Amino acid sequence: MFFFASLYRHSRKWVRQLSALALLFLAACALLSSQLTIREDIRSLIPTSPLGLAEQFAVLREAPLLQGLSIAVGGGEPALSAQLLSEALRSPEIPRVLSGLGATFNPRILPQLCRATPGLLDMTALLSSLDEDSIRASLKRDRDLLLAPQGIVLRDFLAIDPLGICAGVLQRLAPAAGSLGIRTDQGVMLNVDGAHALVLAEPALSMSDSKGAIRVMDRVRSAVQTLPPGTETIVVGGHRHTEENARVIRADVNRILPASMLLLALAFLIFVRTLKGLCIVLLPVAALVTAAAVTGLIFDELSGIVLGFGSVVLGITADYAIHVYFALRNGSDPADSLQRISGPILLGGMTTLAAFLVFFSSSIPCIIQMTVFAVCGVLTALILALGLLPPWLGPGDKQAADSCPLQKMHLKQRPLALLWLVLGFCLVLLLYKVPVNGDIRALSYVSQETARDEKRMGEIFGGLREQGLYAVRGKSLEEALLANDRIWEELGRAAPEKGWEPARLIASLAPLLPASATQTIRFQTWKNFWDAQSDAILPSLDTLATQSGFSTKAFDPFKDWIAGKPTPMTPDLLSSAGLEVALMLARPFGSSWLVYSLVRATEPPPGLMQTLENNGAIYISGRSFRAAMDEAIRSDLLRFGGPSLLAILVMIAFAFRSPSRMGIALLPVACGLASVLAAFRFLDMEMNIFHAMALPLVMALSVDYGIFILSHLEGRLGKESRTGVLLSGITTLSGFGVLLLTRHPALHSIGLTVSLGLSAALVTALVLLPHLADPANESGHA
Amino acid sequence: MKSNHSIPARAAALLLTALFVCCTPQKAFAQADEVLSALRRKAEQLNSVRADFVQETSIPMFAEPVRSHGRFAFKRPKSLRWEYHDPMREGFVLNGDTGFRWENNSAARKPFIPGSDPVATIVARQMIVWITFDMQRIGSEYSIEPVPGKDVRLKMTPLRDDVKGVITSIIITFSPAGPASLVEIKEAGGGGTSIRFSNTVVNGPMDGQEFQ
């Protein structure tokens with residue numbers, strides 16, 4: 001590595017200028033870092049591929065009842081509490097609050113809805129049954145209804161619909177909320193036993209906006225305070241998760257970065273205690289600041305988890321400064337020391353970079369950000385450690401054994417081979433069926449209170465948020481509604497043959513709000529019928545109505561209705577009828593629209609999937625999403641692990657060119673991996689995507705210990721290089737170890753896995769490897 | 001906060017309000033406030049009430065006014081029976097949150113729940129609200145004024161536009177020595193409904209079977 005020796009010789013004359021330049025650069029980076037926009041929502045943790053999974057998540061994120069907040073209100077008078085809460089919630093932060101039919105329900109809307117019913121279904125069968133007997137029975141019923149208490153508000157409605165044509169259709173509208181798994185009572189959505197009311201809040205601020213989520217949740221808490229004492233309130237939804245995660249990540253970052261710095265300073269005080277040794281602390285900080293600035297320039301917003309990953313960068317990058325510091329401290333000629341140390345450092349750095357570069361194949365945005373962050377940190381640290389640090393440190397004050405010539409070392413081949421045989425067998429066993437957890441909830445922080453509330457909400461409203469749903473997409477609402485109508489029609493034909501009724505299992509917008517094109521076809525059927533039949537039916541109606549005591553003009557509105565053009569059902573009409581809750585099933589999705597249907601079953605009913613597939617609809621349930629996530633994690637495990645291992649093997653093979661030496665250098669890797677996998681297997685833990693991500697890190701960082709110890713055993717590095725390995729191990733472990741203090745699963749998972757693996761690797765490197773080399777050769781260097 | 005009580009609820013409940021406002025000497029109701037206070041006091045003392053009624057429905061949809069007969073019973077806290085004997089046999093019983101109804105001269109009972117019959121359930125619930133005389137709710141939706149004359153009469157005029165679209169006014173006449181004797185509802189679409197009560201028994205013996 002003559003390059004760095006030569007660089008040192010040239011740059012030592014410009015130490016001050018180089019230091020000043022570096023300081024200026026770091027100040028600029030620090031300024032940029034302070035402008036970072038941090039996001040703490042789960043979106044950055046969801047794989048963007050395979051496409052199906054990403055699409056599932058995108059569709060799921062906008063789904064009704066998931067997009068906003070669902071609030072269950074129980075105890076006392078649920079209906080009254082729901083109304084009070086709705087009023088208190090309405091604010092700029094939460095402009096849309098639904099608690100049921102609401103105060104806007106007006107019985108005068110019934111005739112308007114009636115006029116729109118011809119578009120809601122094909123009435124051929126219904127109209128064909130209008131014989132004299134059915135007309136007589138309908139008129140009798142009309143008369144009784146007009147005399148009953150509710151008759152006072154049904155006058156106009158019955159005048160339009162004496163034959164009960166639209167009454168049957170409207171029955172579908174009234175319990176629309178009921179098909180969502182809830183019923184309405186006193187204008188409020190209630191669960192089956194009526195003990196809890198449901199309030200749906202749709203905040204103006206996206207749940208991906210952590211600051212907004214905090215404001216929304218503050219609003220919810222203050223609204224809940226207005227409820228009567230003894231009211232039980234359960235709030236679930238994405239905003240609560242985002243707020244919770246935001247608070248946890250912030251607390252984690254505030255905790256781990258100082259803790260990491262403290263441990264680094266402690267290591268400095270114990271092992272170094274010199275002014276120049278401060279570089280061990282300063283270089284990682286410089287790497288951290290640069291990494292944050294560059295990552296911030298590349299990405300508009302950074303996941304908060306990436307900042308938490310800063311402690312890892314601190315821990316890893318300190319290694320390079322440590323090795324350079326010890327090498328130069330013990331040599332009288334910095335250029336010679338640099339020449340000796342730069343090889344192992346570069347090899348170690350390259351293996352680390354190789355491990356990180358593999359993460360670019362990840363489909364998880366957060367991991368990509370972490371990779372950019374780490375790669376920037378490692379590169380900065382390498383450049384500073386090998387370029388700026390040597391002239392700044394200058395010649396050491398000790399005469400060390402670094403000048404000893406390289407010696408051929410005899411390795412204990414048999415024990416080494418036996419060890420690899422055992423380890424290899426164990427690794428194959430442990431890698432077989434690694435337990436994987438694809439639950440999205442395992443990726444974000446969920447407090448016990450939130451988990452308890454979600455479980456309780458599921459109990460109260462029958463797992464409304466846990467059941468399946470399907471969505472169809474269209475460039476416009478009309479196009480999406482039309483696709484939704486097609487599915488509904490196909491299900492209506494096919495499902496009964498398979499033993500289930502769509503209307504009982506699926507809450508769809510199709511019977512409530514068909515596409516305009518669908519309504520137009522039905523209007524034509526309606527018109528054709530009355531054109532042909534009105535001459536026969538109307539005289540019969542007049543005669544029978546007179547006989548039943550009705551006035552001659554009683555049903556003039558009916559005659560006007562069938563002679564005129566039917567009113568189309570529109571979102572506005574549905575909304576004015578107090579059925580705004582049903583409109584939640586249609587949502588804008590970027591430049592297109594999604595129309596959702598809720599499937600009230602944990603498994604898709606027979607034939608549903610085929611129908612959906614035929615019509616390009618996407619089906620999602622908690623179970624299907626978890627299965628897809630499982631698959632994505634397994635795929636990432638292979639994608640991360642394979643190339644990472646291959647890159648390390650190639651580099652080690654190129655550097656050491658001997659199976660025995662490779663066996664020594666790679667032994668910490670094998671032990672580190674085996675210890676992690678054994679811990680997961682025997683402690684009954686499941687691997688999430690962040691555990692999977694940590695495995696290549698274990699490999700890449702463990703091999704560094706093997707490289708340095710082997711270099712030390714071979715006499716390339718001085719005796720203090722073992723202290724260097726110990727210190728770098730301690731700093732790296734402290735970087736990852738502090739992640740064990742975090743509450744966020746992503747950071748905790750990485751911290752746990754790497755700490756486990758590196759501990760085993762460090763012990764292997766420092767304790768086991770020297771015993772695998774010929775003691776006579778090693779003592780000769782000591 | 002706006003109330004979401006529907007129109008039938010208010011209308012039908014007013015009919016019953018008359019039934020428990022009883023026995024107060026005429027001169028004691030010199031002022032509307034006093035009348036309302038007395039109503040509220042009476043309502044607080046009410047544990048049960050039963051009465052027969054004759055209803056006359058005179059609306060443009062009918063060629064002739066139609067007279068119907070029936071009876072009702074109420075027992076605290078939330079039990080209500082309302083039924084017609086003639087010209088049709090139908091009615092409902094509400095017990096708290098559940099109940100049943102029968103119609104079309106059939107003895108067959110059907111569940112009487114919000115999901116199956118939302119409007120009628122709301123009506124029944126609101127009847128109970130009116131019987132227990134929640135003055136805060138009623139007063140916020142109707143202006144109440146005494147009607148000059150020999151009898152004690154209260155005229156209630158809806159305040160909300162949606163209610164005005166259905167009901168013009170409600171006049172309740174109280175008998176000098178008993179509960180309200182007559183409720184007259186004037187409808188916005190023309191015509192109206194009157195209900196005349198008789199054989200009213202307040203806090204008398206009540207057979208629980210009536211609500212089963």
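Residues numbered from 1 in each chain as written. Chains lettered and ligands numbered in written order. Predicted model: local features only at pLDDT ≥ 70, side-chain atom pairs only at ≥ 80, totals over all residues. Heavy atoms only, no water.

Observations concerning the overall build of chain B
Helix and strand counts for chain B stand at five helices and 11 strands. Taking all 212 residues of chain B together, the buried fraction comes to 53%. Pairs at least 24 apart in sequence give 48% of the contacts found in chain B among residues at least 6 apart. For chain B, the computed accessible surface area is about 9,100 Å², with 50% contributed by carbon and sulfur atoms. (Helix = DSSP H or I, 4+ residues; strand = E, 2+ residues; numbered from the N terminus. Buried < 20%, exposed > 50% of the residue type's maximum accessible area, 1.4 Å probe, protein only. Contact = heavy atoms within 4.5 Å. Areas by Shrake-Rupley, 256 points an atom, 1.4 Å probe, with all protein chains shown as cover.)

As for the environment of B:E56
All names here are of chain B. With respect to the helices and strands, the residue E56 is situated in strand 1 (residues 48–58). E56 has contacts with P65, V66, R67, G192, T193 and S194, leaving out every residue within four places of it along the chain. A distance of 3.0 Å separates a polar atom in the side chain of E56 from a polar atom in the side chain of R67. (Polar contact = N/O pair within 3.5 Å; in protein donor to acceptor, adjacent residues only side chain to side chain.)

Notes on the environment of A:S621
Residues and elements named next belong to chain A. Within the fold, S621 resides in the loop between strand 13 (618–620) and helix 26 (622–656). Residues S621 and Y470 lie 151 residues apart in sequence; the distance between their C-alpha atoms is 8.5 Å. Excluding residues within four positions of it along the chain, S621 makes contact with Q467 and G468.

A word on the sheet that holds strand 4 (residues 90–95) of chain B
Sheet architecture is open: 11 strands sit in the order 6-5-4-3-2-1-11-10-9-8-7 (chain B), paired in antiparallel fashion. Only two strands of the sheet have a single partner each, and these edge strands are strand 6 (110–111) and strand 7 (142–147) of chain B. Bridge count between strand 4 of chain B and strand 5 (residues 98–102) of chain B: five bridges; the pairing is antiparallel. The residue of strand 5 of chain B that forms the bridge with B:F92 is B:R101. In the packing of helix 8 (residues 151–160) of chain A onto the sheet, contacts are made with strand 1, strand 9 (167–174), strand 10 (180–187) and strand 11 (192–202) of chain B, and the angle to strand 10 of chain B comes to roughly 25 degrees. (Pairing = 2+ DSSP bridges. Axes fitted to C-alpha atoms, helices over the stretch in contact; angles between N-to-C directions.)

Considering the nonpolar core
Of all hydrophobic cores here, the largest spans 261 residues; its most connected members are A:Y470 and A:F690. Not counting residues up to four positions away in its chain, the partners in contact with A:F690 are A:L45, A:C366, A:I367, A:M370, A:L443, A:A746, A:S749 and A:I750. (Core = buried A, V, L, I, M, F, W, Y, C linked by side-chain atoms within 4.5 Å.)

Some details on the pattern of salt bridges
All names here are of chain A. Inspection of the entire model under this criterion finds 29 salt bridges over all chains. A salt bridge links R136 to D133; the nearest nitrogen and oxygen atoms lie 3.3 Å apart. On the criterion of helical spacing, the pair formed by R136 and D133 is a turn pair, its members being three residues apart in helix 7 (residues 132–147). Classification of R136 as partly exposed rests on a relative accessible area of 38%. We note a salt bridge from D252 to R255, for which the minimum N-O separation is 3.2 Å. (Salt bridge = Lys/Arg side-chain N within 4 Å of Asp/Glu carboxyl O.)

Focus: the side chain of A:Q369
Checked against the element boundaries, A:Q369 lands in helix 16 (residues 365–393). For A:Q369, the residues in contact, after removing those within four places along its chain, are A:T295, A:F299, A:E301, A:L302, A:S303 and A:V306.

Considering the pairing of strand 2 (residues 69–74) of chain A
Residue and element names in this part refer to chain A. Across the six residues that make up strand 2, a large majority, six, are buried. Taking every second residue as pointing to the same face, both faces of strand 2 are buried, with L69, I71 and V73 on one and S70, A72 and G74 on the other. The pairing of strand 2 with strand 6 (residues 196–202) spans six bridges and is antiparallel. Following the sheet pairing, A72 is matched in strand 6 by L198. Sheet analysis places strand 2 next to strand 7 (residues 232–237), joined by six bridges and oriented antiparallel. Residue pairing across strands places S70 opposite V236, the latter belonging to strand 7.

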